[in-house]
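# A structural walkthrough
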Amino acid sequence: MSNVTVIGVQWGDEGKGKIVDWLASRAEVVVRFQGGHNAGHTLVVGENIYKLSLLPSGIVSGKLCIIGNGVVVDPHALLAEIARVEDQGLKVTPDILRIAENAPLILPVHVALDCAREAARGTRQIGTTGRGIGPAYEDKVARRAIRLCDLAERKTLEWKLDELLLHHNTLLAGLGASTFEKEKLLSCLLETAPKILPFMAQTWDILENVNKRGKRILFEGAQAVMLDVDHGTYPFVTSSNTVAANAGVGAGLSPKSIGFVLGIVKAYCTRVGKGPFPTELFDDIGRGLGERGHEFGTVTGRSRRCGWFDAILARYAVRVGGIDGLALTKLDVLDGLDEIKVCVGYECDGQTIDRLPSAPAAQERVRPVYETLEGWKETTHGIQRWDDLPMQAIHYVRRLEELIGVPIILLSTGADRQDTILKQDPFETSLS
Ligand code: GDP
Ligand code: IMO
Ligand code: MG
């Protein structure tokens, strides 16, 4: 019996939330270990649609949910999200939600700096979600962050705000943006404190106890390997490590506890924001994928760029991400295509290569080399048994497994929780 860590393989929005929700019934606790409310995870359970950003996806099935120390927490965004899901009938009490006391906070200054810097970048924007994620992680590493536990200590909060504002107001003024007043920020934080502090806990201890009792932990990653700050398409990435290796760090557990690493991969590729995307389509096929797949960002409402499956990137993400097996999602979105292309190599500066170069300019220059597979006319939407899939869809899945080098153990054929094919239970898979 194993824990399971779920991470995204491509540029996010692979359907991690759907798969985590589906797997949550088999676990005792679900823990988020990185990212913040830049994540947008849509869960469909019958008539109910839940849109989660900071709350772990186990919240819908009433599992114990933990926001780990590796997550950057915007207290206002979190309270608003709690209110939203409570309006939908879920109960979010300190019995089922615990937040690490050492989690760094996102404050309005971070949002302002994120937006001011993006504006200053002009045509070289990253296309961030504008949620303050990058500045908040910078403050953590620079040892300036205000962390959840600081909300309980007015004196600490005061001197930390002085230090924080010295830095941020200088930057904001330099960028021509409005600066912040300490007193306003302080009273805002002191007002929020009693609402958020009841959720605070030493979450590493809770998780360790779950482990000791032999119960299962489900680690929920946000974003994806190609958005990882080290391994992604830098600088067009997020500001955290999204690979499985970060799950232990961001939850306060041993790296040995992360268990089976399940990579979530879409049957084609999408990307929101700027940055290289070798298989991007600008034609009717790309637009068709976007329409059938409803490819609009949950967080910002932006259209997602769409393209063919990139097996080179997926194989790379599996290797650096530490992925043991895959869940392939949105297979149904490929229904009805005459043929389906898969990128199996790149051409760059007259050479054929089998990996993405690291330099951004070279990443923009690569051209995909495609292999063409036969499509299928039948609908796969909602299929729940492997044997019911059209022969060509089975062939597509098998070919992806060959190209990527790890098995596809779960498939998703629709947004609803039920539209899932389990080939092998990741919790029951022993690791060699
Ligand atoms: P996440 O960020 O990885 O959790 O993914 P998002 O929730 O942002 O985006 C995935 C979208 O696809 C959501 O709207 C899901 O409801 C939907 N979805 C997930 N799996 C499937 C699937 O197999 N088929 C279809 N058609 N939609 C899916
Ligand atoms: P989920 O968990 C897709 C992208 C942004 C931008 C870059 C940096 O739903 O898969 P940031 O605000 O993090 O500094 O933005 O990362 N991005 C995502 N794209 N899905 C996400 O999360 C994302 N979170 C950040 O669009 O390109
Ligand atoms: Mg998303």
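See the structure above.
Scoring rules and cut-offs
- Residues numbered from 1 in each chain as written.
- Chains lettered and ligands numbered in written order.
- Predicted model: local features only at pLDDT ≥ 70, side-chain atom pairs only at ≥ 80, totals over all residues.
- Heavy atoms only, no water.
- Donors = N, O, S within 2.8 Å, 3.2 Å for Na, K, Ca; no water.
- Helix = DSSP H or I, 4+ residues; strand = E, 2+ residues; numbered from the N terminus.
- Buried < 20%, exposed > 50% of the residue type's maximum accessible area, 1.4 Å probe, protein only.
- Near = heavy atom within 4 Å.
- Polar contact = N/O pair within 3.5 Å; in protein donor to acceptor, adjacent residues only side chain to side chain.
- Areas by Shrake-Rupley, 256 points an atom, 1.4 Å probe, with all protein chains shown as cover.
- Nonpolar A, V, L, I, M, F, W, Y, C, P; charged D, E, K, R; others polar.
- Pairing = 2+ DSSP bridges.
- Phe/Tyr/Trp six-rings, centres within 6.5 Å; stacked < 30°, edge-to-face > 60°.
- Lys NZ or Arg CZ within 6 Å of the ring centre and 35° of its normal.
- Contact = heavy atoms within 4.5 Å.
- Axes fitted to C-alpha atoms, helices over the stretch in contact; angles between N-to-C directions.
- Core = buried A, V, L, I, M, F, W, Y, C linked by side-chain atoms within 4.5 Å.
- Domains from an automatic or database assignment.
- Salt bridge = Lys/Arg side-chain N within 4 Å of Asp/Glu carboxyl O.

A few words now on the coordination of the magnesium ion (ligand 3). Bound to the magnesium ion (ligand 3) are the protein donor atoms Asp13 (OD) and Gly40 (O), situated 2.0 to 2.1 Å from the metal. Of this pair, aspartate 13 sits in the loop between strand 1 (4-8) and helix 1 (16-24) while glycine 40 is found in the loop between strand 2 (29-32) and strand 3 (41-45), placing the two residues 27 residues apart along the sequence. Of the residues examined, glycine 40 reaches a relative accessible area of 12% and is grouped as buried.

This brings us to the site of ligand 2. Neighbouring ligand 2 are 20 residues; Asp13, Lys16, His41, Thr129 and Thr238 lie closest to it. In this structure, an oxygen atom belonging to ligand 2 sits 2.9 Å away from a main-chain N or O atom of glycine 40. A distance of 3.0 Å separates an oxygen atom of ligand 2 from a polar atom in the side chain of arginine 302. When the free accessible area of ligand 2 is taken as 550 Å², the share hidden by the protein chains comes to 98%. Tallied by class, the residues present in the shell around ligand 2 amount to 7 nonpolar, 10 polar and 3 charged.

Turning our attention to the pairing of strand 5 (residues 64-67). In terms of strand pairing, strand 2 meets strand 5 through 4 bridges, oriented parallel. When the bridges of strand 5 are listed, valine 31 appears paired with isoleucine 66. Sheet analysis places strand 5 next to strand 6 (residues 97-100), joined by 3 bridges and oriented parallel. Bridge assignment links isoleucine 67 to a residue of strand 6, and that residue is isoleucine 99.

We now examine the packing of aromatic side chains. Applying the stated criterion to the full structure yields 2 aromatic pairs. Centroid distance tryptophan 11 to phenylalanine 277: 5.0 Å. Interplanar angle 50 degrees. Geometry classified as tilted. Pair noted here: tryptophan 11 is in the loop between strand 1 and helix 1 and phenylalanine 277 is in the loop between strand 10 (269-271) and helix 9 (284-292), with a separation of 266 residues, a long-range link. In this pair, the class of tryptophan 11 matches that of phenylalanine 277, namely buried. Residue placement shows lysine 423 over the ring face of tryptophan 386; its charged tip is 4.0 Å from the ring centre.

The next subject is the sheet that holds strand 17 (residues 408-412). Within the open sheet, the 10 strands sit side by side as 7-6-5-2-8-1-9-13-17-18. Their pairing is mixed. At either end of the open sheet lies a strand with only one pairing partner, and these are strand 7 (200-201) and strand 18 (420-422). Packed onto the sheet, helix 1 meets strand 1, strand 2, strand 8 (217-220), strand 9 (260-266), strand 13 (325-329), strand 17 and strand 18 and runs at close to 165 degrees relative to strand 1.

With that settled, consider helix 10 (residues 311-321). Those residues of helix 10 that sit buried are Ala311, Ile312, Leu313, Ala314, Ala317, Val318 and Gly321. Packed against the buried residues of helix 10 are strand 1, strand 9, strand 12 (309-310), strand 13, strand 14 (339-348) and helix 12 (391-404). Phi turns positive, to about 75 degrees, at glycine 322, one or two residues after helix 10.

Counting residues in hydrophobic clusters, the biggest one holds 54 residues, and the most contacted among them are Phe309, Leu326, Leu328, Leu331, Leu334 and Tyr396. It is helix 12 that contributes the most residues to this core, 6 residues altogether. No fewer than three residues from each of domain 1 (4-100 + 201-260) and domain 3 (265-428) sit in this core. If we ignore the near neighbours within four places in the chain, the residues touching leucine 326 are Val9, Leu262, Gly263, Val265, Val318, Ile404, Val406, Pro407, Ile408, Ile409 and Leu410. Judged by nonpolar contacts, the second largest core, of 37 residues, contains Leu43, Cys65, Ile82 and Leu185.

Glancing now at the pattern of salt bridges. As a working rule, side chains carrying opposite charge can pair if their charged atoms are close by. Under the criterion given, the structure shown has 27 salt bridges. A salt bridge links glutamate 280 to arginine 305; its shortest N-O distance comes to 2.9 Å. Taken together, the positions of glutamate 280 in the loop between strand 10 and helix 9 and arginine 305 in strand 11 (residues 305-307) put the pair 25 residues apart, joining distant regions of the chain. Each of the salt bridges in this network shares a partner with another, and the network as a whole consists of Asp13, Lys266, Glu295, Arg304 and Lys330.

We now examine the site of ligand 1. Neighbouring residues of ligand 1: 19 residues in total, closest Lys16, Gly40, Thr42, Asp332 and Ser412. Here an oxygen atom of ligand 1 sits 3.1 Å away from a polar atom, N or O, in the main chain of glycine 414. Contact with the protein chains removes 92% of the 590 Å² of surface that ligand 1 exposes when unbound. Elements represented by at least two residues in the shell around ligand 1 include exactly helix 1 and strand 3. Looking at the shell around ligand 1 residue by residue, the class counts come to 3 nonpolar, 9 polar and 7 charged. Two domains each donate at least three residues to the shell around ligand 1, and these are domain 1 (4-100 + 201-260) and domain 3 (265-428).

The analysis is restricted to geometry; functional conclusions fall outside its scope.
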